[in-house]
Amino acid sequence: MRNWCLLWLVFLLLNQHGKIVQVSAGIEFIESMGVHFMLNVSNDLTLSRTWAFSDGGPQALQFSPGVYNEQMFQGLDFVIYEAGRYGIRLILSLVNNYKDFGGKNQYVNWARDQGQNISSEDDFFTNSLVKGFYKNHINTVLNRRNSITGVCYKDDKTIMAWELMNEPRCPSDPSRNSIQAWITEMASYVKSVDTKHLLEVGLEGFYGESAPADRQFNLTAKLGTDFIANNQIPGIDFATIHLYPDQWIPDADEETQQTFSNNWINKHIQDAETILQKPLLVTEFGWKKSGFDIETRDKLLGTVYSDVYSSASCGGVAAGCMFWQLLTEGMDSYRDGYELVFNESRSTAFLIHEQSQKLAGIRKMHAWPRHREDNETVNNEVGY
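Attention now moves to the pairing of strand β12 (residues 318–322). With 5 of its 5 residues buried, β12 lies for the most part within the structure. Summarising the sheet, strand β11 (residues 280–285) and β12 pair through 2 bridges and their orientation is parallel. Note that in β12 the partner of V282 across the bridge is C321. A crossover links β11 with its parallel partner β12, the connecting element being helix α8 (residues 294–313), and its sense is right-handed.

Now the structure itself:
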């Protein structure tokens, strides 16, 4: 999506499922093992995805390469602190593909200002100076010491995972080579700084050269990403997809969009299960209010929930789904047509609550205690 709020939390409904796997008593960071997420404590987890970026401009997190706004950083400190208080885990995205809040366009402009020969925004993925700027941002964020808790971000259990980029796209190189090389380099760099947290790319889920028969699912998009190959890179711990059928097939009716959504999700579930053998999260999805009434939006929302629950209830790779975006009254400046305000849509709020309860039921069904000799510590497998 294009209309971002740096520190706004979008809630992910989680489920916990799978075979019982014994985990060492010391593990408190979320890990992945095969197609499941692991934690040594069983509880009703929730997860939120938000931004650890805002590049350039008067209210930036990063004013210029390596120059940071301490007041904005303290705002992110507070978000992490509050999430920890309420038992919410976070996925933090490190840069935007789009111009909102700076993004890759700001990075290449910084390099152009320093005399680099920049031909397009896509030089973000290949220019050595730009890549150096981005690595510096990674290092700064991961080594940030929270001004409230005193804990470095790379050591903070509240953070579940880092996201390399929100919806990376490189249309100037549809072969995928530019993005493939960039993910490989940046994943290795993140893991060299932080060995404790999970890492994901931020992909929407479009297919590439590694699965030519599946490019039919892309419709007409040629965006330089490859769902299979990108997620097979060492250091990438789980796969993500986004879903915006009202943008991707804007002239389609409700039934067509519902069919597309169902096929899109189940195809990626299948590939995550059989090819990637990694967990899968639907980290963004939505339908614009202007296109559908509340009842129809609820039906479309239910399609996503049903597909995820069907996989989760069988111990599959689908780990949860995060709608875009949750707002409260008084946040009108952040409305983009996709927002959900619970007081304005009781039926939607009930649907989300019902999904949460169903996923919690899966967790309870599979959360069998395993006793160890070391003080009979209870260890359970959990997934999202």
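Next comes the rest of the description.
Further remarks concern the packing of helix α2 (residues 103–113) against helix α3 (residues 128–142). Two numbers describe how α2 lies on α3: the axes approach to 9 Å, and their chain directions differ by 125°. Taken together, the axes of α2 and α3 are oblique relative to one another. In this structure, α2 meets α3 at a crossing whose hand is right-handed. Of α3, the residues touching α2 (which contributes Y107, V108, W110 and A111) are L129, V130, F133, Y134 and H137. Partitioned by chemical class, the residues of the contact of α2 with α3 number 8 nonpolar, 1 polar and no charged.

Within α2, 8 of the 11 residues are buried, which leaves it mostly tucked inside the rest of the structure. Against β5 (62–64) and α3 lie the buried residues of α2. In the segment just after α2, G115 is the residue with positive phi, at about 95°.

Moving on: the pattern of salt bridges. Taken as a whole and assessed by the stated rule, the structure comprises 22 salt bridges. Notably, a salt bridge pairs K99 with E121, separated by 4.0 Å at the nearest N-O pair. Taken together, the positions of K99 in the loop between β7 (88–93) and α2 and E121 in the loop between α2 and α3 put the pair 22 residues apart, joining distant regions of the chain. Under the relative-accessibility criterion, K99 is labelled exposed at 57%. One salt bridge connects K289 with E339, and the closest N-O pair in it is separated by 3.1 Å. One end of the pair, K289, is in the loop between β11 and α8; the other, E339, is in the loop between β12 and α9 (346–366), and 50 residues separate them in sequence. With a relative accessible area of 4%, E339 lands in the buried category. One connected set of salt bridges, linked through shared partners, spans K289, D332, R335, E339 and E344.

Structurally, Y81 can be placed in helix α1 (residues 70–85). Y81 sits in the partly exposed class, given a relative accessible area of 31%. For the pair formed by Y81 and N146, sequence separation is 65 residues and the distance between their alpha carbons is 8.2 Å. With sequence-adjacent residues up to four places away left out, Y81 is seen in contact with N146, I148 and T149.

The N-to-C vectors of α3 and helix α4 (residues 177–193) enclose an angle of 30°; their axes lie 10 Å apart at closest approach. Here α3 is positioned roughly parallel relative to α4, judged by the angle of their axes. Between α3 and α4 lies a crossing of right-handed hand. Each of K131, Y134, K135, I138, N139 and L142 in α3 lies in contact with α4, whose residues at this interface are W182, E185, M186, Y189, V190 and V193.

Right, let's talk about the environment of V108 for a bit. Tracing the chain through its elements places V108 in helix α2. Along the sequence, V108 and F125 sit 17 residues apart, while their C-alpha atoms lie 9.7 Å from each other. V108 has contacts with I118, S120, E121, D123, F124 and V130, leaving out every residue within four places of it along the chain.

Under the defined criterion, the tally for this structure stands at 23 aromatic pairs. Considering the side-chain rings of W51 and F53, the 5.5 Å spacing of their centres and the 35° angle between planes classify their relative orientation as tilted. Comparing W51 with F53, the two get one shared label, buried. Consider the rings of Y134 and W182, whose centres lie 5.4 Å apart with planes at 35°: the pair is tilted. Placement of Y134 in helix α3 and of W182 in helix α4 is noted, with a sequence separation of 48 residues between them. A residue is classified by how much of its surface remains accessible, and Y134, at 1% relative accessible area, is buried. Positioned above the aromatic ring of Y309, the side-chain terminus of K358 is 4.3 Å from the ring centre.

Calculation rules
Residues numbered from 1 in each chain as written. Predicted model: local features only at pLDDT ≥ 70, side-chain atom pairs only at ≥ 80, totals over all residues. Heavy atoms only, no water. Buried < 20%, exposed > 50% of the residue type's maximum accessible area, 1.4 Å probe, protein only. Helix = DSSP H or I, 4+ residues; strand = E, 2+ residues; numbered from the N terminus. Pairing = 2+ DSSP bridges. Right-handed = clockwise from strand over helix to strand, strands pointing away. Axes fitted to C-alpha atoms, helices over the stretch in contact; angles between N-to-C directions. Parallel < 35°, antiparallel > 145°, perpendicular 65-115°, else oblique. Left-handed = near helix turned anticlockwise from the far one by under 90°. Contact = heavy atoms within 4.5 Å. Nonpolar A, V, L, I, M, F, W, Y, C, P; charged D, E, K, R; others polar. Salt bridge = Lys/Arg side-chain N within 4 Å of Asp/Glu carboxyl O. Phe/Tyr/Trp six-rings, centres within 6.5 Å; stacked < 30°, edge-to-face > 60°. Lys NZ or Arg CZ within 6 Å of the ring centre and 35° of its normal.

Just geometry here; none of it tells us what the structure is for.
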